[in-house]
Amino acid sequence: MARHEVALTRREELAEGTMAFRFEKPAGFSFKPGQSASFTLLDPPDEPNSVRRTFSLAGAPFEPELMIATRMREGSGFKRALKALALGSKVRLSGPLGDMTLHEDAGRAAVLIAGGIGITPFRSMLLQAEQDRLEHRLYLAYSNRRREHAAFLEELQALARRSPRFRLLAPMTDAEGMLDEEKLKRFVGDAPSPVYYLAGPPAMVEAMKAILGRNGVAAEDVRSEEFFGY
């Protein structure tokens, strides 16, 4: 696993309560869409659990910078310190990590199910798939409480308009209710031999696994990541 010191180049608010942080990409650093990396503060605050965090890489490999995105919870000393970090300051990057990456068989669809900030690995997958002109059929079900909470939504809607191989469902649960079994069936009914990818709060991930299990989806065709308070 490679280790680098990388400079913070930009920060921006993506949605209500969600920020993106962009870092320089080290020469020779490569990763697969869907992977993550560990970020360590070089001068951390004197608080518990404030030194290191692992984040999915929301930027696609072809993009010039590395990007992470996270919910800015009040209780996180790490996130407060990252938000206050001066542009140009460095953090230690270790990675890439993880294996929730897109399967190779283009004859099988990918069904991506994201809750909230669980969208981050899927943004990377989807943008890189378009860049590489992959033949996979891609389905994204991306739920949030309200539209103002939905990071990257406009970008994903634009991708759905221009890509015939990508289909997007973006329910807002305050207005439309939870993503449930019937909604999911209608959305992916014609997906060929799908592989399912789940990312979001643990309760959502477990609920989706239960739905898929009841509908005969094999465990080896379900890949997941849980986001604890991110």
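Residues numbered from 1 in each chain as written. Predicted model: local features only at pLDDT ≥ 70, side-chain atom pairs only at ≥ 80, totals over all residues. Heavy atoms only, no water.

A. Inspection of the environment of V222 at higher detail. Considering the arrangement of structural elements, one finds V222 in strand 11 (residues 222–226). Linking V222 and L212, residues 10 residues apart in sequence, is a C-alpha distance of 8.4 Å. When sequence neighbours within four positions are dropped, the list of residues in contact with V222 reads Y196, L198, K209, L212 and V217. (Helix = DSSP H or I, 4+ residues; strand = E, 2+ residues; numbered from the N terminus. Contact = heavy atoms within 4.5 Å.)

B. Quick peek at the side chain of R123. Tracing the chain through its elements places R123 in helix 2 (residues 120–131). With residues up to four places along the chain from it excluded, the contact list for R123 reads A58, G59, A60, E63, M67, F152 and E155.

C. Expanded view of the layout of surface pockets. By volume, the largest pocket amounts to about 490 Å³. Taken together, 25 residues form the lining of the largest pocket, with G115, G116, S143, N144 and P201 sitting closest to its centre. Only strand 7 (110–115), strand 8 (138–143) and helix 6 (202–214) provide two or more residues apiece to the lining of the largest pocket. Ranked by residue count, the leading element in the lining of the largest pocket is helix 6, at three residues. Tallied by class, the residues present in the lining of the largest pocket amount to 12 nonpolar, 10 polar and three charged. Empty space within the second largest pocket amounts to approximately 250 Å³. Taken together, K32, P33, T101, L102, H103, E104, M125, Q128, A129, D132, L134 and H136 make up the lining of the second largest pocket. By residue class, the composition of the lining of the second largest pocket is five nonpolar, four polar and three charged. (1 Å grid on protein atoms, 1.4 Å probe; cavity = no way out; pocket = protein on both sides within 12 Å on 5 of 7 lines; lining within 4 Å. Points joined across faces, edges and corners; volume = space filled by probe spheres on them. Nonpolar A, V, L, I, M, F, W, Y, C, P; charged D, E, K, R; others polar.)

D. Spotlight on the pattern of salt bridges. Applying the stated criterion across every chain, the model contains 18 salt bridges. Residue R108 is joined to D221 by a salt bridge in which the shortest nitrogen-to-oxygen separation is 3.2 Å. With R108 in the loop between strand 6 (90–97) and strand 7 and D221 in the loop between helix 6 and strand 11, the pair connects residues that are 113 residues apart, well separated along the chain. Taking relative accessible area as the criterion, R108 reaches 23% and is therefore assigned partly exposed. Notably, a salt bridge pairs R146 with E148, separated by 2.9 Å at the nearest N-O pair. A relative accessible area of 27% means that R146 is categorised as partly exposed. Among the charged side chains, a salt-bridge network with shared partners connects E16, R145, R146, E148 and D174. (Salt bridge = Lys/Arg side-chain N within 4 Å of Asp/Glu carboxyl O. Buried < 20%, exposed > 50% of the residue type's maximum accessible area, 1.4 Å probe, protein only.)

E. Molecular detail of the pairing of strand 11. In terms of strand pairing, strand 10 (residues 195–200) meets strand 11 through five bridges, oriented parallel. When the sheet's bridge partners are listed, Y197 is paired in strand 11 with R223. Of the crossover connections in this fold, the one passing from strand 10 over helix 6 to the parallel strand 11 is right-handed. (Pairing = 2+ DSSP bridges. Right-handed = clockwise from strand over helix to strand, strands pointing away.)

F. Main features of helix 1 (residues 77–84). By the burial criterion, the buried members of helix 1 are G77, F78, K79 and L82. Here the buried face of helix 1 lies against strand 1 (2–15), strand 2 (18–24), strand 3 (36–41), strand 4 (52–56) and strand 5 (65–71).

G. Structural view of unusual backbone geometry. For the peptide bond that leads from G95 to P96, omega is 5 degrees, which places it in the cis range. Inspection of the secondary structure assignment puts P96 in strand 6. Located in the positive-phi region is S193, a residue other than glycine, with phi close to 40 degrees. Note that S193 resides in the loop between helix 5 (181–188) and strand 10.

By themselves, these figures tell us nothing about what the structure is for.
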